[in-house]
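Coordinate analysis (summary)
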Amino acid sequence: MIKLDGVGANAEDVVTTQTQPSTPGSIVYDYGDAHGDGGSDGTLVDGDEANEEGGATMDGVTRRDKVRFVVLLVEMTVLTLSVMFIEVMLVPALNIIGMDYYEQIEWVPWVLSAYLITGGISTPIFGAMTTTKFGIKKTLAICLGCYIAGVIGCGLSFLSSEIVVLILLRGLQGLGMGSFTLCFTLTKASFPKPLVGPTIGIVSSMFAIGAAVGMLGGGGGLEKIEFTYKGENMSWATLFWIAAPVVTVLVVSFMISIKEPKSHALAKQVDFIGAIFLCLIIGSFLIGITLGEQGWKEPAPIVLLCICPVFVILLIVWEIRMKQDALFPFKLMKNRAVFLLNVISISTGYAMFTYFQTLPFYLSEPLGPFHYTSTLDIGLILFPSAIPGLIVAPAFSILSKKTGPALLISVSYLFLMLSFYLQVFYHDTVWKLVLTQIIGGFGMAGVMSLVVILLTNTVEMKYFATAAAVNSLFRIMGGAVGPIVSNIFILENSSTQTKAMAATNSSEMSSFSLESSTGWSDKGYVQAWMVAAIIISVGFLCSLFLPGQFVLKLYKRHQKHHHHTQHHNHKNEKSSLLH
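How each quantity is defined
- Residues numbered from 1 in each chain as written.
- Predicted model: local features only at pLDDT ≥ 70, side-chain atom pairs only at ≥ 80, totals over all residues.
- Heavy atoms only, no water.
- Helix = DSSP H or I, 4+ residues; strand = E, 2+ residues; numbered from the N terminus.
- Buried < 20%, exposed > 50% of the residue type's maximum accessible area, 1.4 Å probe, protein only.
- Contact = heavy atoms within 4.5 Å.
- Areas by Shrake-Rupley, 256 points an atom, 1.4 Å probe, with all protein chains shown as cover.
- Core = buried A, V, L, I, M, F, W, Y, C linked by side-chain atoms within 4.5 Å.
- Phe/Tyr/Trp six-rings, centres within 6.5 Å; stacked < 30°, edge-to-face > 60°.
- Salt bridge = Lys/Arg side-chain N within 4 Å of Asp/Glu carboxyl O.
- Patch = residues over 30% accessible without salt bridge, like charges linked within 9 Å, V, L, I, M, F, W, Y side chains within 5 Å.
- Axes fitted to C-alpha atoms, helices over the stretch in contact; angles between N-to-C directions.
- Parallel < 35°, antiparallel > 145°, perpendicular 65-115°, else oblique.
- Left-handed = near helix turned anticlockwise from the far one by under 90°.

What follows is about the overall build of the protein chain. Helix and strand counts for the protein chain come out as 20 helices and four strands. Split into buried and exposed, the 579 residues of the protein chain put 56% on the buried side. Expressed as a percentage of contacts within the protein chain between residues at least 6 apart in sequence, the contacts between residues at least 24 apart total 78%. Of the roughly 24400 Å² that the protein chain leaves accessible, carbon and sulfur atoms contribute 67%.

In structure tokens, the structure reads:
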């Protein structure tokens, strides 16, 4: 056994190469805390033990079991693809929704963000419910039932002239986002150990693929379907009419196939009060930012942003009191691997939904370099980002057994980081945008699948639902903040451009910002992409310090050399004193 102890005296992770790995040459990671927080108390154990708790080995698996595993894999894959498709199919229609609700246009980003906010809040709650008498199957039924109701409701929201109705129903639909984490928990609990990683890799790849296909399908649907109500173009509502029966059939089929796995009940109650505090934190922050777009002279946005830290403190105090039943178990959060994966998920979510929010608007700018009016054309341009996911996610999930997931997460982040920095400087032609999307597609698909695989190898089965739910929460929150922050840059610069158009027709070219003779500038989009690129860079730096990475090995080697030198000097001093 080769043992690489944690970094220094305050190490919180241990990397171990087992003498008998599950596959020849594979690396199994033990992310237990060096101070006893991992492994001994069952919170964090190595990959072998973590998987043995939930899934069996291939020994004794019958042909009937194998068929059931294949059916479950197909259903989870198609369901994840469908949920992401339905989520993103609305993106090409955002400009149409903005025209339908022109007087409330500043709230259009909330059509995306409301879905993400409720999804983020509900995911830890659903994760906690799996550890109670509800179990995984009943929790999935509640989660997906809310999702179907939200899809049907969104299809009828055109009957109201207020955008808040659509936003609230999108929030109801967002409760279905908890199904992703529940599917991962079901996989870890039910599938044989050798199949857990590849299964999670395939299902995770559907995030990026479903999103990109949703762009294409949503754009094509809007092109082919015409529906008006009271003189307004409401063709976006028909997308939900088409999706509702399809997703209903999928959910019913999926629920019939599921068997409740072995229970690992821990929690005595679900932390609903913690969820309320979380809702208040997210709501006060995002609503404050949205109101701030209309002007910071009003007291409302300032008050909301000031009380947000108060709710954060109250949440921390309450969670410490709740201990094992907490929505955010601090014992789990303080582990190095889990903490870094949560930070990485924030940057991934921010990048992904910033991309979905900004690019359709940029391509359809009337005074911009493209000024596309066809939503199908926009979908076709965005579609290439889905192609790499078909290859990368399954391939990386298999390759991670040899190299370890941490290294591949950093490699994926390099692709993702490169794509955004290229987009900042090169976005004036279609082929440049397509190239950056393909590069980003490699990175996004890799990160999305490998983060879950690394978390699977890190956390014991009975804590996995909570850990995966919290990780999803951070990714969703990053995704909720991304569109709103990006919209601030775009609207702020749109206002400036309007004034410039009235004042002058002169053109001015910056180093990497386009500005036409009409006064239009892409400065707001460039700023939004640059902020996303910086946030991705932070995620990349975090990935370098995941357990098993070369940075920690170099630091550990330096520490070992330092201790050896100190020991040698101490021996020399003792020898000198004796002489």
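This is not the end of the story, as more comes after the structure.
Let us now look at the nonpolar core. For soluble globular proteins, the rule of thumb is that nonpolar side chains tend to be buried together. In terms of nonpolar packing, the biggest core is built from 148 residues, with W236, F254, F356, I409 and F420 touching the most fellow members. Here I409 is in contact with L341, I344, V447, L450, V451, L454, S543 and L546, once residues within four sequence places are set aside.

Mapping K188 onto the fold places it in helix α7 (residues 178–190). You can call K188 buried: its relative accessible area is 0%.

So, about the packing of aromatic side chains. Scanning the entire structure with this criterion turns up eight aromatic pairs. Each ring, one from F69 and one from F191, has its centre 5.1 Å from the other, and the planes form 35°; the classification is tilted. With F69 in helix α2 (residues 63–88) and F191 in the loop between α7 and α8 (193–224), this residue pair connects regions lying 122 residues apart in the sequence. Judged by its relative accessible area of 1%, F191 is buried. Following the ring pairs from residue to residue traces out a cluster consisting of Y362, F370, Y372, Y525 and W529.

Here G443 shows up in helix α17 (residues 430–458). Exposure remark for G443: the relative accessible area of 0% places this residue in the buried category. G443 sits 34 residues away from I409 along the chain, and the two C-alpha atoms are 8.4 Å apart.

It is worth spelling out the environment of V71 at this point. Residue placement: V71 occurs in helix α2. A residue is classified by how much of its surface remains accessible, and V71, at 36% relative accessible area, is partly exposed. As a C-alpha pair, V71 and I258 span 187 residues in sequence and 9.9 Å in three-dimensional space.

This part covers the pattern of salt bridges. When the charged atoms of two side chains lie near each other, side chains of opposite charge can form a pair. Under the definition given, this model contains one salt bridge. Salt-bridge contacts for K432 lead to D428; the nearest nitrogen and oxygen are separated by 3.0 Å.

What follows is about a nonpolar patch on the surface. On the surface, a cluster of nonpolar side chains totalling about 390 Å² of accessible area is made up of I152, L156, L159 and W241. Locating L156 in the fold gives a position in helix α5 (residues 135–156). The class for L156 is partly exposed, based on a relative accessible area of 48%.

Two elements in contact, helix α13 (residues 336–363) and helix α19 (residues 523–543), have axes separated by 9 Å at closest approach and are oriented at 160°. Looking at the two axes, α13 sits roughly antiparallel to α19. Between α13 and α19 lies a crossing of left-handed hand. On α19, the residues touching L340, V343, I344, S347, Y350, A351, T354, T358, L359, F361 and Y362 of α13 are Y525, A528, W529, V531, A532, I535, I536, G539, C542 and S543.

Secondary-structure assignment places F353 in helix α13. Taking relative accessible area as the criterion, F353 reaches 5% and is therefore assigned buried. Spatially, the C-alpha atom of F353 lies 7.5 Å from that of A480, the residues being 127 residues apart in sequence.

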